[in-house]
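Survey of secondary and tertiary structure
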Amino acid sequence: MTVSFLTLMLFAPAPVLVDAKDLDVRFVIDIRYATSDNFMHQKLYPVARCLLRPEVGAMLGRAQRYLDQHHHGYVLMLKDCYRPHSVQLQMWAVVKGTPQQAYVADPTPGSVHNFGAAVDLTLADAGGHEVDMGTPYDFFGPLAEPRHEERLLKEGKLTAAEVAARKMLRDAMVKGGGFKAIPNEWWHFDAWQGKALRAKYEILDVPLDAIR
Ligand SMILES: [Zn+2]
């Protein structure tokens, strides 16, 4: 090994983003924005990859280990992770001024996804099947909002099994991974929010296929 190579090894910067598949091969990758099967009805990502800040990826690994311990056989099915800022601008242009605007972050402060610090995900069971959460991923409406779950359960609009499955996902992400849940999307979790997020990271616009 030459001295220059050693120097390179010692001083190489930590990767900005890591690929979830390199952290746990069991993760199911189902990135809808890499297909036209999404609310935009167009392919927004060149590749189906879940990229995250290294620390956020480690948290996701802990969420999976929580499932391994408490709900053996279930695995995390990843729907969206780091989202380049230019894609946020594309989404905003479509939803701005429509009822869907409430479900897409304004690109000026940015979405937590733009920082590489948010994950959209669900569960797959031991047979590899997506677990029923009462609505599909990216369903825009009260039925997808955790803050209304108890009422929707009483009204018979969500089943006990669907609410229990959402709780399993939340427990894994919050208790196991240390993520924060949000009140209006059952699939979305933030590693950090607000000032803590901005103190730690900046918005990125690296294309998904540009990361090694
Ligand atoms: Zn999200």
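Described below are features of the structure shown in this document.

Rules used throughout
- Residues numbered from 1 in each chain as written.
- Predicted model: local features only at pLDDT ≥ 70, side-chain atom pairs only at ≥ 80, totals over all residues.
- Helix = DSSP H or I, 4+ residues; strand = E, 2+ residues; numbered from the N terminus.
- Rg over C-alpha atoms; globule rule 2.2 N^0.38 Å.
- Buried ≥ 20, exposed ≤ 12 C-beta atoms within 10 Å, placed from the backbone.
- Contact = placed C-beta atoms within 7 Å.
- Core = buried A, V, L, I, M, F, W, Y, C linked by C-beta atoms within 7 Å.
- Pairing = 2+ DSSP bridges.
- Axes fitted to C-alpha atoms, helices over the stretch in contact; angles between N-to-C directions.

Next up on the list: the overall build of the chain. Looking only at helices and strands, one finds seven helices and seven strands in the chain. Helices and strands appear in the chain in the N-to-C order α-β-α-β-β-α-β-α-β-α-α-β-β-α. Here the C-alpha radius of gyration of the chain, 18 Å, is about what a compact globule of 212 residues would show, namely 17 Å. Along the longest, intermediate and shortest principal axes, the C-alpha atoms of the chain span 70 × 45 × 35 Å. Counting across all 212 residues of the chain, residues that qualify as buried make up 32%. The contacts of the chain with a sequence gap of at least 6 include a subset with a gap of at least 24, amounting to 70%.

So, about the nonpolar core. Counting 43 residues, the largest nonpolar core has Leu51, Leu52, Leu60, Leu76, Leu78, Cys81 and Val119 as its most contacted members. The set of elements that each furnish at least two residues to this core consists of β3 (51-52), α3 (54-70), β4 (75-80), α4 (85-95), β5 (118-124) and α6 (160-176). The element that contributes the greatest number of residues to this core is α3, accounting for five residues. Residues in contact with Leu52, not counting those within four places in the same chain, are Leu17, Val18, Ala20, Gly57, Leu60, Cys81, Tyr82, Gly116 and Val119.

A few words on the sheet that holds β4. Read from one edge of the open sheet, five strands run β2-β4-β5-β7-β6, paired in mixed fashion. Taken across any chain shown, the strands that pair with only one partner, and hence form the sheet edges, are β2 (28-29) and β6 (180-181). As defined by bridge partners, β2 adjoins β4 across two bridges and the pair is classed as parallel. Of the residues in β4, the one forming a bridge with Ile29 is Leu78. Docked against the sheet, α3 engages β4 and β5, running at close to 145 degrees with respect to β4. Contacts from α6 reach β5, β6 and β7 (188-190) within the one sheet, and its direction differs from that of β5 by about 130 degrees.

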